[in-house]
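A look at the structure
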Amino acid sequence: MCEAPRLRCDAVDAAAAAADVDVVTTRGRRRIPAHSNVLATASPVLGSILERRLQKDRESGKKAGRPVVRIRGVTDDAAAAFVRLLYAGRCGDGEEDDMEKHAVQVLVLAHAYQVPWLKRACEGAIGARLTADSVVDVLQLADLCAAPRLHLRCTRLLAKEFAAVERTEAWRFLQENDPWQELQVLQRLHEADMRRRKWRRKRAEQRVYVELSEAMDCLDHICTEGCTEVGPAGRAPAPAPCARYATTCRGLQLLIRHFSQCHRKSCARCQRMWQLLRLHSALCDRPDRCNTPLCMRFKQKEQEKAAVKAGDDGDKWGLLVKKVKAARVFSSLANRKQMSSTSQC
């Protein structure tokens, strides 16, 4: 019954005897037998250290004893966990305990000895346990270890729970002892907020361009085929509503009916209809046979303006036309992709 444990111990003793280097922890409290080829493959820094040690031993003529690699600045258990992870070559189920207990110190070692995969794993393990109480200290660690993923997670948590972070002892200590670091944190939060606002503004603008593109399609549909309330001259309105009736088409038909009956010069709804007709003429590629009212008239006016002032790339109206054209192209591509995926299904 006791043979299996003795065999395992014999295997461990044999592996230790085959080792050709010792990893010594802080103050020499612990010596970990290791293989130089494994350490050199896992870390270029350790490989360089071992190469210098072996070169030095060859030059001095030393033959007794194994070369020593010292890992300083961390606890003995963290150094041992670092060596185990280098041997494992990954962070699987068997290494979860080491990552849970020593992720911070192993991150420092992975950065110092240039082990990228282990550094990313430590960033993920630390970021998964990030809290408002620890985010300030972890942010400083991310700066020191050049850990961008961990830095990003800290910044996001700071932006989300800054009110709670301000009440922590770590933030008060930072304010009293490192105002420069505090200023950098506040500046990053400000930049993140500005980027978020800019992104929201662009999304809102894109929605407006898409809505204008849909309005142009509905206007062409109403003036060519007709819908429930408005249709081209000499043709009865369609009996059934179109697919966009509830979202765009019905409101546009009401605006067209108001435009045909209103005679006020300062009417805001009529001015909106004038702008839609002008936008249609700028986008229309068939002015000779277009059924939309005033399309040819607006075309002529734009040509006269272009003759007087060549080009209007800097004009706001020209920029609006370009944005709506781009939105129409993107919408068309998205519809084609959706139709192709539906047909495949």
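Residues numbered from 1 in each chain as written. Predicted model: local features only at pLDDT ≥ 70, side-chain atom pairs only at ≥ 80, totals over all residues. Heavy atoms only, no water.

Attention now goes to the overall build of the chain. Within the chain, the secondary structure is distributed over 15 helices and 3 strands. Relative to its 345 residues, the chain shows a buried fraction of 34%. For the chain, restricting intrachain contacts to residue pairs at least 6 apart in sequence, the fraction spanning at least 24 positions comes to 56%. Entry remark: accessible area of the chain is about 22400 Å², with carbon and sulfur atoms responsible for 53%. (Helix = DSSP H or I, 4+ residues; strand = E, 2+ residues; numbered from the N terminus. Buried < 20%, exposed > 50% of the residue type's maximum accessible area, 1.4 Å probe, protein only. Contact = heavy atoms within 4.5 Å. Areas by Shrake-Rupley, 256 points an atom, 1.4 Å probe, with all protein chains shown as cover.)

This part takes up the packing of helix 7 (residues 135-144) against helix 11 (residues 179-224). The N-to-C vectors of helix 7 and helix 11 enclose an angle of 90°; their axes lie 12 Å apart at closest approach. The orientation of helix 7 relative to helix 11 falls into the category roughly perpendicular. Note on element contacts: helix 11 touches helix 7 through Gln 181, Val 185 and Arg 188, opposite Leu 139, Gln 140 and Asp 143. (Axes fitted to C-alpha atoms, helices over the stretch in contact; angles between N-to-C directions. Parallel < 35°, antiparallel > 145°, perpendicular 65-115°, else oblique.)

So, about the pattern of salt bridges. With the rule as written, the count across this model stands at 6 salt bridges. The shortest N-O distance in the salt bridge between Asp 77 and Arg 30 comes to 3.4 Å. You can see Asp 77 sitting in helix 4 (residues 76-88) and its partner Arg 30 sitting in the loop between strand 1 (21-24) and strand 2 (31-34), a full 47 residues away along the chain. One salt bridge in this structure joins Asp 193 and Arg 197, with 3.2 Å as the shortest N-O distance. Of this pair, Asp 193 and Arg 197 both sit in helix 11, 4 residues apart, roughly one helical turn. When its relative accessible area of 51% is taken as the criterion, Arg 197 is described as exposed. Here the salt bridges share partners, and the residues they tie into one network are Asp 193, Arg 196 and Arg 197. (Salt bridge = Lys/Arg side-chain N within 4 Å of Asp/Glu carboxyl O.)

Right, let's get into helix 5 (residues 96-112). Within helix 5, the axis deviates most sharply at His 102, by approximately 85°. For helix 5, the set of buried residues is Asp 98, Met 99, His 102, Ala 103, Val 106, Leu 107, Leu 109 and Ala 110. On its buried side, helix 5 packs onto helix 4, helix 6 (116-128), helix 7 and helix 8 (148-160). Note on helix 5: the residue one or two positions beyond its end, Gln 114, has a positive phi of about 55°. (Bend = angle between axes of the 7 residues up to and from the residue.)

Let us now look at the pairing of strand 2. Side chains Ile 32 and Ala 34 of strand 2 all project onto a buried face; the interleaved residues Arg 31 and Pro 33 project onto a face where none is buried. Relative to strand 2, strand 1 is paired through 4 bridges, and the arrangement is antiparallel. Following the sheet pairing, Asp 22 is matched in strand 2 by Pro 33. (Pairing = 2+ DSSP bridges.)

The next subject is helix 13 (residues 268-283). Here helix 13 spans 23 Å end to end across 16 residues, near enough to the 22 Å set by a 1.5 Å rise per residue. Along helix 13, the positions that sit buried rather than exposed are Cys 270, Met 273, Leu 276, Leu 277, Leu 279, His 280, Ser 281 and Leu 283. (Expected span 1.5 Å × (residues − 1).)

All right, on to the pairing of strand 1 then. Burial of the side chains of strand 1 extends over both faces: Val 21 and Val 23 are buried on one face and Asp 22 and Val 24 on the other. Pairing of strand 1 with strand 3 (residues 68-70) involves 3 bridges; the strand directions are parallel. If you follow Asp 22 over to strand 3, its bridge partner there is Val 68.

No statement about biological role is implied by the geometric values presented.
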